[in-house]
Amino acid sequence: MAYDRNNVFAKILRGEIPCKKVFEDDWALAFHDINPQAPVHVLVVPKGEYVSLDDFTANASEAEIAGFFRAVGQVARELGVTGPGYRALSNVGHDGQQEVPHLHFHIFAGRRLGRMVARAE
Ligand code: 5GP
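Bear in mind the structure is a predicted one, so any value in this text is a computation, not a measurement.

A.B. asks: Which residues make up the site of the ligand, and what values go with them?
C.D. replies: For the ligand, the set of nearby residues contains 17 residues, the closest of which are Asp33, Asn91, Glu99, His104 and His106. Within the contact set of the ligand, an oxygen atom lies 2.5 Å away from a side-chain nitrogen or oxygen of Asp33. Contact between the ligand and Val100: an oxygen atom at 2.9 Å from a main-chain N or O atom of the residue. Protein contact buries 87% of the 520 Å² of open area that the ligand shows by itself. Of all the secondary structure elements, the ones that give two or more residues to the shell around the ligand are helix H1 (8-13), strand S2 (28-32) and strand S3 (40-46). Here the element with the most residues in the shell around the ligand is H1; it accounts for three residues. Here the shell around the ligand is composed, by residue class, of seven nonpolar, eight polar and two charged.

Now the structure itself:
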């Protein structure tokens, strides 16, 4: 899948759409989800143009990969959720029900989150 530069996270990264930022460094931007599914629901996105986890890990540089995953962990630490726990999740593609085609990790926390995925419909 080709990267779409008009996706909403690309616009947020370019500053064309506002976000409630919680963290930023050279490799990643983190901000609150507009429609939170838990008391803490933060999105962490890499600065580079990658559609998904498999695109990123196939095509990003070692520095981008290290920088991004360090940022995901740092965001969790800075949110103060590492003690009680949290969930980091990345949806991919149609079956993963990915809505925004720019790689992102959701960080959910602040309550018991339930087990894994919903049962098949
Ligand atoms: P996905 O389904 O792609 O894994 O998740 C996309 C997430 O992006 C959803 O949780 C949705 O609420 C969030 N989202 C969509 N548009 C915006 C936006 O303009 N700003 C923010 N902060 N979050 C957004």
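A.B. asks: Just give me the short version of the sheet that holds strand S4 (residues 86-89), but keep the residues and values in it.
C.D. replies: Strand pairing in a sheet relies on backbone hydrogen bonds. The paired strands run either parallel or antiparallel. The five strands are arranged S1-S2-S3-S5-S4 in an open sheet whose pairing can be described as antiparallel. Looking at which strands have only one partner, the edges of the open sheet turn out to be strand S1 (21-24) and S4. Neighbour to neighbour, the strand axes of the sheet diverge by 20 degrees on average, direction disregarded. Judged from the five bridges that link them, S3 and strand S5 (residues 105-109) form a sheet pairing that is antiparallel. Paired with Val40 across the bridge in S5 is Ala109. Across the face of the sheet, helix H3 (residues 62-79) comes into contact with S1, S2, S3, S4 and S5 while running at roughly 160 degrees to S3.

Definitions and limits used
Residues numbered from 1 in each chain as written. Predicted model: local features only at pLDDT ≥ 70, side-chain atom pairs only at ≥ 80, totals over all residues. Heavy atoms only, no water. Near = heavy atom within 4 Å. Polar contact = N/O pair within 3.5 Å; in protein donor to acceptor, adjacent residues only side chain to side chain. Areas by Shrake-Rupley, 256 points an atom, 1.4 Å probe, with all protein chains shown as cover. Helix = DSSP H or I, 4+ residues; strand = E, 2+ residues; numbered from the N terminus. Nonpolar A, V, L, I, M, F, W, Y, C, P; charged D, E, K, R; others polar. Pairing = 2+ DSSP bridges. Axes fitted to C-alpha atoms, helices over the stretch in contact; angles between N-to-C directions. Contact = heavy atoms within 4.5 Å.

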